[in-house]
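For reference, the chains in residue letters:
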Amino acid sequence: MITSIDIKSVELLADGAAFGAVGAYERVIGTAQGEVDPKAAANKGIALIDKAPLNARGRVEYTTDFYILRPHDFAKGNGRILYEVNNRGRKMLFGNIADGPQGINDPRKLADVGNGFPMRQGYTIVWSGWDPDAPRANLGLGLTAPVATEGGRPIVQTVKDEFVSGTRGGALEAFKLSYEMATQAGARLTVRERQADAPQDVAWTAIDAKSIKLAPDGPEGGKPKPGYLYEFTYHGTKPKVQGLGFAATRDFVSFLRHDSRALAATGGPISHALAIGFSQAGRYLRHHLTEGFNRDESGRRVFDGIL
């Protein structure tokens, strides 16, 4: 459930420009605090939920960012949510369904929302954070999730991360690790041209606890070879309870639909909710559905339709 929301700003979108008969829209930005019962059947599928720290009520807490575009006059809207699952913290909706630009994470101007298609239909458009590792720069949407432990002691396990440097975005300058290194001792970086080739050791250096790079004085001059497979084996630690992202989406949308406190964010009652996701976010929605997160802890349906 969502325990509280903190609305940080409410501003007119595009200086109050009208989107057809629906009229002007507002930008609503804030955070929502939530908690889940680790013993509830609806949350059993969340990995490491049994190792997460608990609050005084025996619940696991999280905080999610949210960003809402709502009709300034709610009565002119359609009373329905269009929820886009963000892709690595990014909003991709307007670039994909409204002839708008990509990479606009904080739409302010009319040009930022393309032809404004979903607003002209009267939707309340919602984004919220679900990925604890999503970058939050430029209003990227993320989730603050707890770190799992073994009874308060750090969890340390062997991790293998594989990297491929492509050509589209240039050579990788750094390898971002999935987890923090507990120690550099015993860590090994190898390279091979094809999957079936024998891995060869390659020199590396740490940038910080969660990223490394090729040694500048190595045979490759610090630049990964495009298309080659680099595998880093190390002792990882501080695993976040990543699966809380599914619960956070479930709980936040259910909150917007059913809790009277949500009117401060939506501006009026919500009758239905649709969801859309592109690329990684499309895969997210398949898991959201198949893993049972389209029912909240009370058994109510979250999304009425998913694309």
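Just so it is clear, the structure is predicted and the values come from calculations on it, not from any experiment.

About the cut-offs
- Per-chain numbering applies: the sequence of each chain, read as written, is numbered from 1 onward.
- Side-chain atom pairs in this predicted model are given and counted only at pLDDT of 80 or more, local residue features only at pLDDT of at least 70, and totals for whole chains, interfaces and linings cover all residues.
- Values reported for side chains reflect all heavy atoms of the structure, with hydrogen atoms and water molecules removed beforehand.
- We count a stretch as a helix when DSSP gives it H or I for four or more residues in a row; a strand needs E for two or more, and each element gets its number in order from the N terminus.
- Burial classes follow relative accessibility: with a 1.4 Å probe on protein chains only, a residue under 20% of its type's maximum area counts as buried, one over 50% as exposed, and anything between as partly exposed.
- Throughout, a residue-residue contact means that at least one pair of heavy atoms, one from each residue, lies within 4.5 Å.
- Here the nonpolar core consists of buried residues drawn from Ala, Val, Leu, Ile, Met, Phe, Trp, Tyr and Cys, with membership extended through side-chain atoms lying within 4.5 Å.
- Angular values range over 0 to 180 degrees, each being the angle between N-to-C directions of two axes fitted as lines to C-alpha atoms, with helices fitted over their stretch in contact.
- Geometric relationships in this document are graded by angle, where less than 35 degrees denotes roughly parallel, more than 145 denotes roughly antiparallel, 65 to 115 denotes roughly perpendicular, and other angles denote oblique.
- All residues other than Ala, Val, Leu, Ile, Met, Phe, Trp, Tyr, Cys, Pro, Asp, Glu, Lys and Arg, Gly among them, are scored as polar; the first ten of these are nonpolar and the last four charged.
- Note on pairing: two strands pair once DSSP finds at least 2 bridges between them.
- Working definition: rings of Phe, Tyr and Trp (its six-membered ring) pair if their centres are within 6.5 Å, and the pair is stacked with planes under 30 degrees apart, edge-to-face with planes over 60 apart, and tilted otherwise.
- Comment: the charge-over-ring label is applied if NZ (Lys) or CZ (Arg) is within 6 Å of the ring centre and within 35 degrees of the ring normal.
- Whenever a carboxyl oxygen of Asp or Glu lies within 4 Å of a side-chain nitrogen of Lys or Arg, that contact is scored as a salt bridge.

Participant: Help me understand the environment of Gly221, please; the structure alone is not making it clear to me.
Facilitator: Inspection of the secondary structure puts Gly221 in the loop between strand 14 (211–214) and strand 15 (229–237). For Gly221, a relative accessible area of 44% translates into the label partly exposed. If sequence neighbours within four positions are ignored, Gly221 has contacts with Ala215 and Pro216.

Participant: Is there a simple way to think about the nonpolar core in this case?
Facilitator: Note on soluble globular proteins: their nonpolar side chains tend to be buried together. Formed by 41 residues in total, the largest nonpolar core has its most connected members in Leu244, Phe252, Leu256 and Phe303. Elements with a minimum of two residues in this core: strand 2 (25–36), strand 3 (60–71), strand 4 (80–84), helix 3 (244–258), strand 16 (272–276) and helix 5 (280–290). For this core, the element with the highest residue contribution is helix 3, accounting for eight residues. Here Phe252 is in contact with Ile2, Ala32, Phe66, Ile68, Val126 and Ser128, once residues within four sequence places are set aside. Listed in part, the 21 residues of the second largest apolar core include Leu13, Met119, Trp127 and Phe278.

Participant: Is there a simple way to explain the packing of helix 3 against helix 5 in this structure?
Facilitator: If you want to describe how two helices pack, look at the angle between their axes and the distance between the axes. Running from N to C, helix 3 and helix 5 cross one another at 80 degrees; their axes reach a closest spacing of 11 Å. Classified by the interaxial angle, the pair formed by helix 3 and helix 5 is roughly perpendicular. Of the residues in helix 5, those in contact with Gly245, Phe246, Thr249 and Arg250 of helix 3 are Tyr284, His287 and His288. Residue composition of the contact of helix 3 with helix 5, by class: two nonpolar, four polar and one charged.

Participant: Help me understand unusual backbone geometry, please; the structure alone is not making it clear to me.
Facilitator: A positive phi angle, close to 55 degrees, is found at Asp99, a residue other than glycine. Of note, Asp99 is situated in the loop between helix 1 (93–97) and helix 2 (117–120). Residue class for Asp99 comes out exposed when judged on its relative accessible area of 72%. Backbone geometry places Ser279, a non-glycine residue, at a positive phi of 60 degrees. With respect to the helices and strands, the residue Ser279 is situated in the loop between strand 16 and helix 5.

Participant: Would you take a moment to explain the sheet that holds strand 12 (residues 200–201) for this structure?
Facilitator: What links the strands of a sheet is backbone hydrogen bonding, and the strands pair in either a parallel or an antiparallel sense. The four strands are arranged 9-15-11-12 in an open sheet whose pairing can be described as antiparallel. Lying at the two open borders of the sheet, with one neighbouring strand each, are strand 9 (156–164) and strand 12. Examined bridge by bridge, strand 11 (residues 180–192) and strand 12 share two bridges and lie antiparallel to one another. Following the sheet pairing, Thr190 is matched in strand 12 by Asp201.

Participant: Help me understand the packing of aromatic side chains, please; the structure alone is not making it clear to me.
Facilitator: The geometry of an aromatic ring pair is captured by two quantities: the separation of the ring centres and the angle between the planes. Counted by the stated rule, this structure contains 13 aromatic pairs. Aromatic pair Phe246 and Tyr284: ring centres 4.7 Å apart, planes at 5 degrees, arrangement stacked. In this pair, Phe246 is assigned in helix 3 and Tyr284 in helix 5, connecting sequence segments 38 residues apart. With respect to class, Phe246 is no different from Tyr284; both count as buried. Lying over the aromatic face of Tyr67, Lys91 brings its terminal NZ or CZ to 4.0 Å of the ring centre. Over the aromatic face of Trp127 sits the side chain of Lys91, whose NZ or CZ is 5.4 Å from the ring centroid.

Participant: Would you mind showing me how to read the pattern of salt bridges here?
Facilitator: If charged atoms from side chains of opposite charge come close, those side chains can pair. What the rule picks out here adds up to 23 salt bridges. A salt bridge links Lys210 to Asp133; the shortest N-O distance between them is 3.5 Å. Linking Lys210 in the loop between strand 13 (204–208) and strand 14 with Asp133 in the loop between strand 5 (124–128) and strand 6 (143–144), this pair joins segments that are 77 residues apart in sequence. Arg300 is paired through a salt bridge with Asp296; the nearest N and O atoms lie 2.8 Å apart. For Arg300, a relative accessible area of 38% translates into the label partly exposed. Residue Asp296 is classed as buried on the basis of its relative accessible area, which comes to 6%.

Participant: Hey, could you run me through the pairing of strand 14 in this one?
Facilitator: Looking along a regular strand, one sees side chains alternate from face to face of the sheet. As judged from the two bridges shared by strand 10 (residues 175–176) and strand 14, these two strands associate in the antiparallel manner. The residue bridging Phe175 from the neighbouring strand is Ile212, located in strand 14. Between the end of strand 13 and the start of strand 14, which pair antiparallel, lie two residues.

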